[in-house]
Amino acid sequence: MTALVRNDPATVHVALGTRSYDIVIGRGLLASLGARIAALRPGAKAVIVTDDNVARYHLDPAEAALRDAGVASSRVIVPAGEASKSYRVFEQVCEAVIASRIERDDLAIALGGGVIGDLTGFVAAVVRRGLDYVQVPTTLLADVDSSVGGKTAIDSAHGKNLIGAFHQPILVLADTALLDTLPEREFRAGYAELVKYGLLGDADFFAWLEKNWRDVFAGGPARDHAIAESCRAKAAIVARDERETGDRALLNLGHTFGHALEAACGFSDRLLHGEAVAAGMALAFEFSARRQGLLPMAEAQRAIRHLAEVGLPTRLRDIPGPLPSVDQLMDLIAQDKKVKRGMLTFILVRGIGAAFIEAGVDAREVRVFLSEKLAER
């Protein structure tokens, strides 16, 4: 697999019947936001939901693009960070959207990373019993994961993303130039979700990333190509299984361990979501090899080595600050959405590019494994 040298946007279609939409990927696309919305929903008004970090860089150009196309708009700005995926901020945004006189035929625009996309999508799912919305991701993580597929949510005290709805956008506009303002740590965290597609179902893509990851970090055609490949992989899975009753659960590779670690860190900057996913994928590969005998340890180490090479956490000792006991971690895992009737469901692997869903994983095996990992800290 080689990167394509292209200047025109890549378009990935998410085939969901009457709820189908396009993901458009390329540099400089934000200027076309208003024209694209006017073509999709003539006469509609828009409310832009963003956070105070993103607003400094991208809100004025987004509003200008809408204004140039004759799309009236208003804005709602929330604090940056996972804490905005809360009941309190959700209520504030709902009330602000209603106060802006957005009607059923109007739409919301999520301008930001995964937090803004998840929050705005959930607001759009419930305000006036459902508004259309557009995703304009501003992080790599949102480009390749959270902006695609219609999973929207806020967090509970019991865990991440436990309150939400499936609500598909009508357009995802991934302007890769917006990533130029992203802090390196945020970009690296997003890369974890990007490499996930290789690890779960495309060994060739993973091998390409091993060779080309520095070009992806540097930007240019390699970055756009990697984002488009990831979106194609996710779009295909979402088209097969929109509401996560089967194959879509594969996208949760690393997330059962990762979400527990995120919750253990209080959904804070101690451990970003992508960092938690990276650590979770490393644990899933090692658990699959060491405790389940599903693949040679050398192959698991290959996956772990790549995550570590790009600077992502792969061991519990890579996570700063204290972690809870194994009992508390097991309680957090039990709250995860991949639990069915009390049985643990994990995404395990038989090799790089060969993930599968395993229901009924023995909790005792997980407990012993985590006890060993905690002892290594």
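Scroll up for the structure.
Residues numbered from 1 in each chain as written. Predicted model: local features only at pLDDT ≥ 70, side-chain atom pairs only at ≥ 80, totals over all residues. Heavy atoms only, no water.

Undergrad: What is the right way to read the overall build of the protein from this model?
TA: When you go through the protein residue by residue, the secondary structure sums to 13 helices and 12 strands. Its C-alpha atoms give the protein principal-axis dimensions of roughly 60 × 45 × 40 Å. Intrachain contacts of the protein at a sequence separation of at least 6 include 75% that bridge at least 24 residues. Approximately 15200 Å² of the protein is accessible, and the part contributed by carbon and sulfur atoms is 49%. Seen as two clouds, the 44 positive and the 48 negative side-chain charges of the protein have centres 2 Å apart. (Helix = DSSP H or I, 4+ residues; strand = E, 2+ residues; numbered from the N terminus. Contact = heavy atoms within 4.5 Å. Areas by Shrake-Rupley, 256 points an atom, 1.4 Å probe, with all protein chains shown as cover. Lys, Arg positive; Asp, Glu negative; His and termini not counted. Charge placed at Lys NZ, Arg CZ, Asp CG, Glu CD.)

Undergrad: Looking at this structure, how should I read the packing of helix α12 (residues 326-334) against helix α13 (residues 363-375)?
TA: Two numbers describe a pair of packed helices, the interaxial angle and the distance between the axes. At a closest axis distance of 10 Å, the pairing of α12 and α13 adopts a crossing angle of 130°. Between α12 and α13, the angle falls in the class oblique. In this structure, α12 meets α13 at a crossing whose hand is right-handed. When α12 is examined against α13, the residues V326, D327, L329, M330 and I333 are found in contact with a partner set consisting of A363, V366, R367, L370, S371 and L374. Looking at the contact of α12 with α13 residue by residue, the class counts come to 8 nonpolar, 1 polar and 2 charged. (Axes fitted to C-alpha atoms, helices over the stretch in contact; angles between N-to-C directions. Parallel < 35°, antiparallel > 145°, perpendicular 65-115°, else oblique. Left-handed = near helix turned anticlockwise from the far one by under 90°. Nonpolar A, V, L, I, M, F, W, Y, C, P; charged D, E, K, R; others polar.)

Undergrad: Sorry, what's going on with unusual backbone geometry here?
TA: Glycine aside, residues mostly have negative phi angles, and peptide bonds mostly take the trans form. Although it is not a glycine, R129 adopts a positive phi angle of roughly 60°. Inspection of the secondary structure assignment puts R129 in the loop between α4 (114-126) and β6 (132-137). The backbone of E244 sits at a positive phi, close to 55°, despite the residue not being glycine. Its place among the elements puts E244 in the loop between α8 (221-240) and α9 (255-264).

Undergrad: Sorry, what's going on with the pairing of strand β5 (residues 107-112) here?
TA: Sheet faces and side chains relate simply in a regular strand, where the side chains alternate between the two faces. Among the 6 residues that make up β5, 6 are buried, leaving the element largely enclosed by the rest of the structure. Here β5 shows a buried face lined by L107, I109 and L111 and a second buried face lined by A108, A110 and G112. Across 5 bridges, strand β3 (residues 46-51) lies against β5 in parallel orientation. Across the sheet, the residue bridging to T50 is L111, located in β5. Relative to β6, β5 is paired through 6 bridges, and the arrangement is parallel. For L111, the partnering residue across the bridge sits in β6 and is V136. (Buried < 20%, exposed > 50% of the residue type's maximum accessible area, 1.4 Å probe, protein only. Pairing = 2+ DSSP bridges.)

Undergrad: Looking at this model, I keep getting lost on α12. Mind explaining?
TA: Owing to its 3.6 residues per turn, the α-helix aligns residues three or four sequence positions apart on the same side. Where α12 is concerned, the buried positions are V326, L329, M330 and I333. What you see down the axis of α12 is that its buried residues fit within an arc of 100°, all on one side. (Arc of directions from axis to C-beta.)

Undergrad: Help me out: how do you make sense of the environment of V216 in this one?
TA: Looking at the secondary structure, you find V216 in helix α7 (residues 203-218). For the pair V216 and I227, spaced 11 residues apart in sequence, the C-alpha to C-alpha distance is 9.1 Å. Apart from the residues within four sequence positions on either side, V216 is in contact with F187, Y191, W208, L209, A222, R223 and A226.

Undergrad: Got a minute to help me understand the pattern of salt bridges in this structure?
TA: When charged atoms on two side chains of opposite charge get close, those side chains can pair. Going through the model one piece at a time under the given rule, you end up with 30 salt bridges. Taking the shortest distance from any N to any O, the salt bridge between E309 and R214 comes out at 3.5 Å. With E309 in helix α11 (residues 297-309) and R214 in helix α7, this pair connects stretches of sequence that are 95 residues apart. By relative accessible area, E309 is classed as partly exposed at 43%. Between E286 and R290 there is a salt bridge, with its nearest N and O atoms 2.9 Å apart. Taken as a pair, E286 and R290 lie in helix α10 (residues 273-291) at a separation of 4 residues, close to a single helical turn. (Salt bridge = Lys/Arg side-chain N within 4 Å of Asp/Glu carboxyl O.)

Undergrad: I tried to follow the sheet that holds strand β1 (residues 10-14) on my own but got confused; where do I start?
TA: If you walk across this open sheet you meet the 7 strands as β1-β2-β9-β6-β5-β3-β4, and the pairing is mixed. Here the strands that pair on one side only, and so sit at the sheet edges, are β1 and β4 (73-78). Averaged over all pairs of adjacent strands, the angle between strand axes in this sheet comes to 15°, irrespective of strand direction. For strand β2 (residues 21-26) and strand β9 (residues 171-175), the ladder comprises 5 bridges, and the chain directions are parallel. When the bridges of β9 are listed, V24 appears paired with L173. Its contacts with the sheet put helix α1 (residues 33-40) on β2, β5, β6 and β9, and the angle it makes with β9 is roughly 170°. Along the sheet face, α4 touches β3, β4, β5 and β6 and points at about 170° away from the line of β5.

Undergrad: How should I be thinking about the packing of aromatic side chains in this particular structure?
TA: Remark: the centre distance and the inter-plane angle together describe each pair of aromatic rings, the angle taken between the planes. This model, assessed by the stated rule, comprises 10 aromatic pairs. Ring geometry for W213 against F217: centres 5.4 Å apart, planes inclined by 85°, an arrangement best described as edge-to-face. With a gap of 4 residues between them, W213 and F217 both fall in helix α7, about one helical turn apart. Here the two residues W213 and F217 agree in accessibility, since each one is buried. Look at F257 and F346: their rings are 5.0 Å apart centre to centre, the planes differ by 55°, and that puts the pair in the tilted class. Of the two residues, F257 sits in helix α9 while F346 sits in strand β11 (residues 343-349), which places them 89 residues apart along the sequence. Given the relative accessible area of 2%, F346 is considered buried. Feature note: the residues F187, Y191, W213 and F217 constitute an aromatic cluster, connected by ring pairs. Above the face of the Y197 ring, K196 is positioned so that its terminal group lies 5.2 Å from the ring centre. Stacked on the ring of F356, the Lys or Arg R350 has its end atom at 3.7 Å from the ring centre. (Phe/Tyr/Trp six-rings, centres within 6.5 Å; stacked < 30°, edge-to-face > 60°. Lys NZ or Arg CZ within 6 Å of the ring centre and 35° of its normal.)

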